[in-house]
Amino acid sequence: DGGITQSPKYLFRKEGQNVTLSCEQNLNHDAMYWYRQDPGQGLRLIYYSQIVNDFQKGDIAEGYSVSREKKESFPLTVTSAQKNPTAFYLCASSTRQGASPEYFGPGTRLTVT
Amino acid sequence: GQQVMQIPQYQHVQEGEDFTTYCNSSTTLSNIQWYKQRPGGHPVFLIQLVKSGEVKKQKRLTFQFGEAKKNSSLHITATQTTDVGTYFCAGPFGGAGSYQLTFGKGTKLSVIP
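Basis of the calculations
- Residues numbered from 1 in each chain as written.
- Chains lettered and ligands numbered in written order.
- Predicted model: local features only at pLDDT ≥ 70, side-chain atom pairs only at ≥ 80, totals over all residues.
- Heavy atoms only, no water.
- Helix = DSSP H or I, 4+ residues; strand = E, 2+ residues; numbered from the N terminus.
- Buried < 20%, exposed > 50% of the residue type's maximum accessible area, 1.4 Å probe, protein only.
- Contact = heavy atoms within 4.5 Å.
- Pairing = 2+ DSSP bridges.
- Disulfide = S-S within 2.5 Å.

Engineer: Which parts of the structure should I look at to understand the environment of B:P43?
Structural biologist: Along the chain, the position of B:P43 falls in strand β5 (residues 43-49). Exposure remark for B:P43: the relative accessible area of 2% places this residue in the buried category. Along the primary structure B:P43 and B:T77 are separated by 34 residues, whereas in three dimensions their C-alpha atoms are 21 Å apart. Filtering out sequence-adjacent residues up to four positions away, B:P43 remains in contact with A:L43, A:L90, A:F104, B:Y35, B:K36 and B:Q37.

Here is the structure:
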């Protein structure tokens, strides 16, 4: 089955620690995205990548970093500089560059205490 | 700033009743997307509307893009319990070809059996 895999589903960290969220897709999609969702809110774009070795900041990139060394993988690091890291993180992809996100992964719920 | 407003925020309907959610943008959009997110799940892409005045149907769901391309609606006929979830609209505020979507806060639909 093709799709997007995010792991782990739940993640707990202590304040001050960096944490990396995994996102893998076997859909052969060029474009990948990271969104953050807070309770009762819409999705907000953190970073996006249209092609390998290239990525752009979204609306709320501060305190986050990404890499795109392989087409299939787009990991997100939540650094200790992110002031409110507890949230639901969603990875998404689309079939072509410049397209809206079409497929979402199951998400990772990060809790930082 | 650029905003996408959705109303209502919550809607409770009896099974079999119709449901409509509205999406209004502060600026003209090149296109608009609709997503559905089940409780505890991830967003699922439903449709993209591109043309002014466009109407698209998916079984009991009818999507409409306003003539001025600043508003959109999703109408569900004869709701079922499987329709439960939050419906989001999203539009690109970077102009045609932009993939930086701004999401509305969503309309949470509850269906009473």
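Engineer: Honestly, the environment of A:L11 in this entry has me stumped. Any pointers?
Structural biologist: Residue and element names in this part refer to chain A. Take L11: it is sitting in strand β2 (residues 10-13). Judged by relative accessible area, which is 10%, L11 ranks as buried. Dropping the residues within four chain positions of it, L11 is found in contact with V19, L21, T108, R109, L110 and T111.

Engineer: I would appreciate a short explanation of the pairing of strand β5 (residues 43-51) of chain A in the present structure.
Structural biologist: Side-chain direction in a regular strand flips from residue to residue, so the side chains alternate between the two faces of the sheet. Residue and element names in this part refer to chain A. Counting buried positions along β5 yields seven of nine residues, so the element is predominantly enclosed. Where strand β4 (residues 31-37) meets β5, six bridges bridge the pair, whose relative direction is antiparallel. Its bridge partner being in β5, M32 is matched across the sheet by S49. The antiparallel pairing of β4 with β5 creates a hairpin that spans five residues between the two strands, and G40 there sits at a positive phi of about 70°. Taken together, the three bridges between β5 and strand β6 (residues 54-57) define a ladder with antiparallel strand orientation.

Engineer: What should I look at first to understand the state of the cysteines in this one?
Structural biologist: By definition, a disulfide links the sulfur atoms of two cysteine residues through a covalent bond. Residue and element names in this part refer to chain A. A complete count under the given rule lists two disulfides over all chains for this structure. A disulfide bridge connects C23 with C91, and the sulfur atoms are separated by 1.9 Å. Between C23 and C91, the S-S torsion sits near -70°, and that sign places the bridge as left-handed. Of this pair, C23 sits in strand β3 (residues 19-25) while C91 sits in strand β9 (residues 87-94), and the two are 68 residues apart along the sequence.

Engineer: Could you clarify how one ought to interpret unusual backbone geometry in this entry?
Structural biologist: Outside of glycine, negative phi angles account for most residues, and trans bonds account for most peptide bonds. For the bond from A:S7 to A:P8, the omega torsion is -10°, close enough to zero to count as cis. Relative to the helices and strands, A:P8 resides in the loop between β1 (4-7) and β2. The omega torsion across B:I7 and B:P8 is -5°, close enough to zero to call that bond cis. Along the chain, B:P8 turns up in the loop between β1 (4-7) and β2 (10-14). Despite not being glycine, A:N53 has its phi angle at roughly 65°, a positive value. Position of A:N53 among the secondary structure elements: in the loop between β5 and β6. One non-glycine residue, B:A78, lies in the positive phi region at around 50°. Mapped onto the fold, B:A78 is located in the loop between β8 (71-76) and β9 (85-92).

None of this, on its own, says anything about what the molecule does.
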